[in-house]
Amino acid sequence: MSWDFQTDRPIYSQIIDHISQKIICGEYMPGYRLPSVRDMANQAGVNPNTMQRALSELEKTGLVRVERTAGRYVTEDEELLQQTKSHLAEKQIEAFFNQMRQLGVEPEQALALAQRYVNEKK
């Protein structure tokens, strides 16, 4: 997953979503030790302070925990991981319906199109 940033919202917020998605998708497994702030900032092409801010926010949510002198680790709290997955899915659903509205497609119509899509992919 590349670190492509949009101009519509703060980069640190996009980093939070990016790392959260890596955790939810299993790229960063529960208990995984995250790379250093500097390494992650280099990978993302951002200032280390921006990466630090994003990681601090992830710590506040509990998705990432800090062990003094040992680094940052992905939480092993399965309930929190499931809640995060649901939250990210809801954000994607909201974005989908917003895009459909921009196309002039009403929510019921978009839902019917989505159901047809699911049925065709079975």
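Where a strand is regular, its side chains alternate between the two sheet faces. By the bridge criterion, four bridges tie strand 1 (residues 64-67) to strand 2 (residues 71-74) in an arrangement that is antiparallel. If you follow Val66 over to strand 2, its bridge partner there is Arg72. Between strand 1 and strand 2, which pair antiparallel in sequence order, lie three residues; one of them, Thr69, sits at a positive phi of approximately 65°.

A separate point is the pattern of salt bridges. Counted according to the given criterion, the structure contains eight salt bridges. Across the pair Glu27 and Lys22 runs a salt bridge whose closest N-O atoms are separated by 3.4 Å. What makes Glu27 partly exposed here is its relative accessible area of 43%. Notably, a salt bridge pairs Glu67 with Arg65, separated by 2.4 Å at the nearest N-O pair. Accessibility expressed as a relative area gives 34% for Glu67, which makes it partly exposed. When its relative accessible area of 31% is taken as the criterion, Arg65 is described as partly exposed. Connected through shared salt-bridge partners, Arg9, Asp17 and Lys91 make up one network.

Our focus in this paragraph is the domain arrangement of the protein. Its domain assignment divides the protein into domain 1 (11-76) and domain 2 (79-121). Between domain 1 and domain 2, the contact holds 10 residues from the first and six residues from the second. When domain 1 packs against domain 2, close to 640 Å² is buried across both sides, 79% of that on carbon and sulfur atoms. Across the domain 1-domain 2 interface, the total number found is one salt bridge. Between Lys91 and Asp17 there is a salt bridge, with its nearest N and O atoms 3.0 Å apart.

Let us look at unusual backbone geometry. With phi around 65°, Thr69 is a residue other than glycine that occupies positive phi space. With respect to the helices and strands, Thr69 occurs in the loop between strand 1 and strand 2.

This next bit is on the side chain of Thr84. One can find Thr84 in helix 4 (residues 78-102). Of note is the side chain of Thr84, whose polar atom sits 2.9 Å from the backbone oxygen of Leu80. Those residues in contact with Thr84, other than ones at most four positions away along the chain, are Ser20, Ile24 and Leu63.

Turning our attention to the nonpolar core. Ranked by internal contacts, the top residues of the largest apolar core, which has 21 residues, are Ile19, Ile23, Met51 and Leu55. Only helix 1 (11-24), helix 2 (37-44), helix 3 (48-61) and helix 4 provide two or more residues apiece to this core. Beyond its immediate chain neighbours, meaning those up to four positions away, Ile19 contacts Trp3, Tyr28, Met40, Met51, Leu55 and Leu58.

Under the defined criterion, the tally for this structure stands at three aromatic pairs. The ring centre of Tyr12 lies 3.7 Å from the NZ or CZ of Arg53, which sits over that ring.

End to end, helix 1 covers 20 Å across 14 residues, agreeing with the expected 20 Å (1.5 Å per residue, within 8%). Turning to helix 1, its buried residues number three or more, namely Gln14, Ile15, Ile16, Asp17, His18, Ile19, Ser20, Lys22 and Ile23. Contacts made by the buried residues of helix 1 are with helix 2, helix 3, strand 1, strand 2 and helix 4. Where helix 1 ends, the next residue or the one after it, Gly26, has phi of about 90°, a positive value.

Calculation rules
Residues numbered from 1 in each chain as written. Predicted model: local features only at pLDDT ≥ 70, side-chain atom pairs only at ≥ 80, totals over all residues. Heavy atoms only, no water. Pairing = 2+ DSSP bridges. Helix = DSSP H or I, 4+ residues; strand = E, 2+ residues; numbered from the N terminus. Salt bridge = Lys/Arg side-chain N within 4 Å of Asp/Glu carboxyl O. Buried < 20%, exposed > 50% of the residue type's maximum accessible area, 1.4 Å probe, protein only. Domains from an automatic or database assignment. Contact = heavy atoms within 4.5 Å. Buried area = accessible area lost by both parts, 1.4 Å probe. Polar contact = N/O pair within 3.5 Å; in protein donor to acceptor, adjacent residues only side chain to side chain. Core = buried A, V, L, I, M, F, W, Y, C linked by side-chain atoms within 4.5 Å. Phe/Tyr/Trp six-rings, centres within 6.5 Å; stacked < 30°, edge-to-face > 60°. Lys NZ or Arg CZ within 6 Å of the ring centre and 35° of its normal. Expected span 1.5 Å × (residues − 1).

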